[in-house]
Amino acid sequence: MNPSSAQRFNTLAGGYATSEVHSASPTLDRLHDLLPQVGSVCDIASGAGHTGLRFAGTATRIVAVDPAPNMLAEVRRLAAQRGVAVETVEAFAESVPLPTGSFDLVVCRVAAHHFSDLPKAMAEMTRLAKPGGHVAVIDMEGDEDPRLDALNHEIEVLHDPTHVRSYTAQHWRGLFAANGLDVVACETRRWEIPGGMTVRRWCELGQSGEAAFRAIQARLASAPAEDLAALEITRDAVGDFRLPIRTLLMLGRKAQV
């Protein structure tokens, strides 16, 4: 994530605290099912902290890392409301001032598509995990079909100009392997919002503006029906497009020393 991205998300902090995409999802529940007992969690690019706080009650240490101070203020506010102890660190994912091998789980959810140097961020996340610990990523899923991937990328950038890239499962597998992480779960075509989310609501959450909303609607209206179906984008009776907010979940285990 670059400074301009951090500045943008600093202004979105209040909305992220209540966002239905970020506060809860089937994918977040699935991660908790895969790792029901975690002693310590580091939530990278935490936003308002929902991912790390999901492990409250089992984790004895929760640390939220984010470059936007207003996001970290929301983490502390939500944690206080729930009576949960939390630590916050203002830092970018590519350089986290925490000791090597500190956490049972290092997780990044719905944020990596903004990172300016994803390989460096992955190396940093792996460094922070204990030997035998886990690194998990939940993020927007790219498509192996170049045409579909281009359409998906186009609407993502219209929605948020700081979007860098939605990566495919194959790409993530390569990154996990490069960092010596054994992939124990790779789940694709997940939906963050059961039933989908309207483009209007998506743009409200991102404060994208009316021009972006209209451009996305027009672009989807011009897309072939088969492309929309392949991306699982639907249209309701009044003409509103609904997006699945499609993600993938990757869980890797760091080798024991």
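Residues numbered from 1 in each chain as written. Predicted model: local features only at pLDDT ≥ 70, side-chain atom pairs only at ≥ 80, totals over all residues. Heavy atoms only, no water.

As annotated in an unreviewed UniProt entry, the protein chain carries the name Methyltransferase domain-containing protein and is attributed to Methylomagnum ishizawai.

A. The arrangement of the packing of aromatic side chains in detail. All told, the structure shown has two aromatic pairs when counted by the stated rule. Ring geometry for Y167 versus W172: centroids 6.0 Å apart, planes at 80°, classification edge-to-face. In terms of burial, Y167 and W172 fall into one category: buried. Judged by centre distance (6.4 Å) and plane angle (85°), the ring pair of W172 and F176 falls under edge-to-face. With W172 and F176 both in helix α9 (residues 169–178), this residue pair falls four residues apart, about one helical turn. (Phe/Tyr/Trp six-rings, centres within 6.5 Å; stacked < 30°, edge-to-face > 60°. Buried < 20%, exposed > 50% of the residue type's maximum accessible area, 1.4 Å probe, protein only. Helix = DSSP H or I, 4+ residues; strand = E, 2+ residues; numbered from the N terminus.)

B. Spotlight on the UniProt feature "domain: Methyltransferase type" (unreviewed entry) in the protein chain. Under the local residue numbering, the UniProt record ascribes the feature "domain: Methyltransferase type" (unreviewed entry) to residues 43–136. Here residues 43–136 runs as 31% helix and 29% strand, with 10 Å between its end C-alpha atoms. (UniProt positions renumbered as here; feature names shortened; annotations may be inferred.)

C. Here's a closer look at the sheet that holds strand β3 (residues 87–90). Read from one edge of the open sheet, seven strands run β3-β2-β1-β4-β5-β10-β6, paired in mixed fashion. Pairing within the sheet leaves two strands with one partner each, and these edge strands are β3 and β6 (181–191). Sheet twist, expressed as the mean angle between neighbouring strand axes with direction ignored, is 15°. Pairing of β6 with strand β10 (residues 246–254), which is carried by eight bridges, proceeds in the antiparallel orientation. Of the residues in β10, the one forming a bridge with C186 is M250. (Pairing = 2+ DSSP bridges. Axes fitted to C-alpha atoms, helices over the stretch in contact; angles between N-to-C directions.)

D. Expanded view of the pattern of salt bridges. Under the definition given, this model contains 18 salt bridges. A salt bridge links R30 to E187; the nearest nitrogen and oxygen atoms lie 2.8 Å apart. Here E187 lies in strand β6 and R30 lies in helix α4 (residues 26–34), a separation of 157 residues in the sequence. Across the pair K130 and D104 runs a salt bridge, and its minimum N-O distance is 3.5 Å. One end of the pair, K130, is in strand β5 (residues 129–140); the other, D104, is in strand β4 (residues 103–109), with 26 residues separating them in the sequence. Assessed through its relative accessible area of 25%, D104 is described here as partly exposed. (Salt bridge = Lys/Arg side-chain N within 4 Å of Asp/Glu carboxyl O.)

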